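The residues making up each chain are set out below.
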Amino acid sequence: MALHFQSLAELEVLCTHLYVGTDLTERIEAEKALLELIDSPECLSKCQLLLEQGTTSYAQLLAATCLSKLVTRINPLPIEQRIDIRNYILNYVASQPKLAPFVIQALIQVIAKLTKLGWFEVQKDEFVFREIIADVKKFLQGTVEHCIIGVIILCELTQEMNLVDYSRPSAKHRKIATSFRDTSLKDILVLACSLLKQVLAKPLNLQDQDQQSLVMQVLKLVLSCLNFDFLGSSADESADDLCTVQIPTTWRTIFLEPETLDLFFNLYHSLPPLLSQLALSCLVQFASTRRSLFSSPERAKYLGNLIKGVKRILENPQGLSDPGNYHEFCRFLARLKTNYQLGELVLVKEYAEVIGLIANFTITSLQHWEFAPNSVHYLLTLWQRMVASVPFVKSAEPHLLDTYAPEITKAFITSRLESVAIVVRDNLEDPLDDTATVFQQLEQLCTVSRCEYEKTCTLLVQLFDQNAQNYQKLLHAAPGLAVDMAIQEGRLAWLIYLVGTVVGGRLTYTSTDEHDAMDGELSCRVFQLISLMDTRLPHCTNEKIELAVLWFLDQFRKTYVGDQLQRTSKKTGIFL
């Protein structure tokens, strides 16, 4: 049937086929019809028909989809028509605040795209599409539903301004994004923070879904502001641990006010997990603020406020039982060390108390080996960077890492050995099978393990001797102890990995003859175990142990057999 003869009922059938249909042929035909509809002169009238008389949310979604494709065409509609579309959608969502959330989101995306593409367009000496922020303030004066819609508009607009459209010139996108950053983004952040202050000023009704939704959307808006690509560098978000937020200088006053950080720490402690996680995500960005935004005294004060917040969270750790909160808090701790030097951290008044709390938190996390390895990555990153910074600290204040780093190392070692029996007996997924995570954690641990190395070496020697003896006993025991043998082999695999890790952590400029001798003690034990296993080939093989041996040999080679070895050590003299 020709498209211009389609009735409302026929359009709604098209929507059903497109969004919930299971017949592939019908879906393909519906997609074709959608493309025809967009190119049709009747497109706008059909969209209006679907929005005003459609009986399903899918009809409204189809209208929003058509409008989105229509306003983003390379050859744009006349400015008057685009203004009419924007105003129509604003009035429509204002009059229909209880639309399905995905419909509201789709319609607001149309407004965001119109605003971005028309950012520099002028009508009667005015940048007409920039009036959107003033329009949103009208929503904020209405009901809770209207406030939510207004905040979603600002959030969607901020994300759209930050989104690179590779079908258009990147220079134009950067020009628009920079103008938006300079003229509007700070005002949006201030507005969002003021809304959050209003929320905290009243008793929170956590049973009210609308209020929860409003707080969630405002927190997402703050996060969108803080995640903005301020420099236009399109940084790789996967490089999370290297991230510094390049806050504009004009924002200094917001960040210098202690109330700003207090607001988000208070929100974390006041909100349920789904929302407190967003508050922590915002704090991660606050902790990542570029150093040059502050003078030295200002930076010290700002860091002090961050550390006070950490102390408060760790003293009231109930919220960290939620996996989302736990993960974001681990990221928060890692970012503190990324953006602040150890010499600055030790000067904070609460440092001694807080580093002890962080150490206990880390030890507890490591002991729960089955829980959140992706989060533990950030904790190990924190300690790795803290220990690596020790040689460069000039402050007379104690860093206390010589106390806590060995405890972190011990917790990692013992927890991994204790996990083996549980994994084998309960038939759980073995962490050793995820070699990518194991290697990553070991490479982080190698730096931490060399702090107060004598303690680490003593522990490993004791554990290795004990487990090697148990292994030899099982080899000579009666058959039928397969479970015990699997446990013992798993423990030995971890120990071989760990010996390779600590040997690989040797640094030429900090190592001593005593440390080299300790490396020799540990390495001898691994080589003796290798000889023992070789005598039992091919009857006795274990893939996990073999992979661990390869790791150890690689670390040993890089440390003591490499071409760049500066001097002969007692250890190399044993073997070479």
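Details of the structure are given in the entry above.
Residues numbered from 1 in each chain as written. Predicted model: local features only at pLDDT ≥ 70, side-chain atom pairs only at ≥ 80, totals over all residues. Heavy atoms only, no water.

Let's shift gears to the side chain of R168. One can find R168 in the loop between helix 8 (144-162) and helix 9 (170-201). In this structure, R168 is in contact with T72, R73, I74 and L117, ignoring residues within four places of it in sequence. (Helix = DSSP H or I, 4+ residues; strand = E, 2+ residues; numbered from the N terminus. Contact = heavy atoms within 4.5 Å.)

Quick look at empty space enclosed by the protein now. As enumerated under the stated definition, the model contains three cavities of 30 Å³ or more in all. Taken as a whole, the largest cavity holds about 100 Å³ of empty space. Listing elements by their share of the lining of the largest cavity, those giving two or more residues are helix 15 (323-339), helix 17 (351-367) and helix 18 (373-389). Sort the elements by how many residues they give to the lining of the largest cavity and helix 17 lands first, with four residues. Of the residues belonging to the lining of the largest cavity, the class tally is ten nonpolar, no polar and one charged. Size it by volume and the second largest cavity reaches roughly 60 Å³. As for the second largest cavity, its lining consists of F255, L256, E257, P258, L261, E298, K301, Y302 and N305. A per-element tally of the lining of the second largest cavity places helix 14 (residues 296-315) first, with four residues. Within the lining of the second largest cavity, the residues separate by chemical class into five nonpolar, one polar and three charged. (1 Å grid on protein atoms, 1.4 Å probe; cavity = no way out; pocket = protein on both sides within 12 Å on 5 of 7 lines; lining within 4 Å. Points joined across faces, edges and corners; volume = space filled by probe spheres on them. Nonpolar A, V, L, I, M, F, W, Y, C, P; charged D, E, K, R; others polar.)

For the rest of this paragraph, the subject is a negative patch on the surface. Where like charges cluster on the molecular surface, the negative patch consists of D402, E452, E454 and E514. Position of E454 among the secondary structure elements: in helix 21 (residues 453-475). Judged by relative accessible area, which is 38%, E454 ranks as partly exposed. (Patch = residues over 30% accessible without salt bridge, like charges linked within 9 Å, V, L, I, M, F, W, Y side chains within 5 Å. Areas by Shrake-Rupley, 256 points an atom, 1.4 Å probe, with all protein chains shown as cover. Salt bridge = Lys/Arg side-chain N within 4 Å of Asp/Glu carboxyl O. Lys, Arg positive; Asp, Glu negative; His and termini not counted. Charge placed at Lys NZ, Arg CZ, Asp CG, Glu CD. Buried < 20%, exposed > 50% of the residue type's maximum accessible area, 1.4 Å probe, protein only.)

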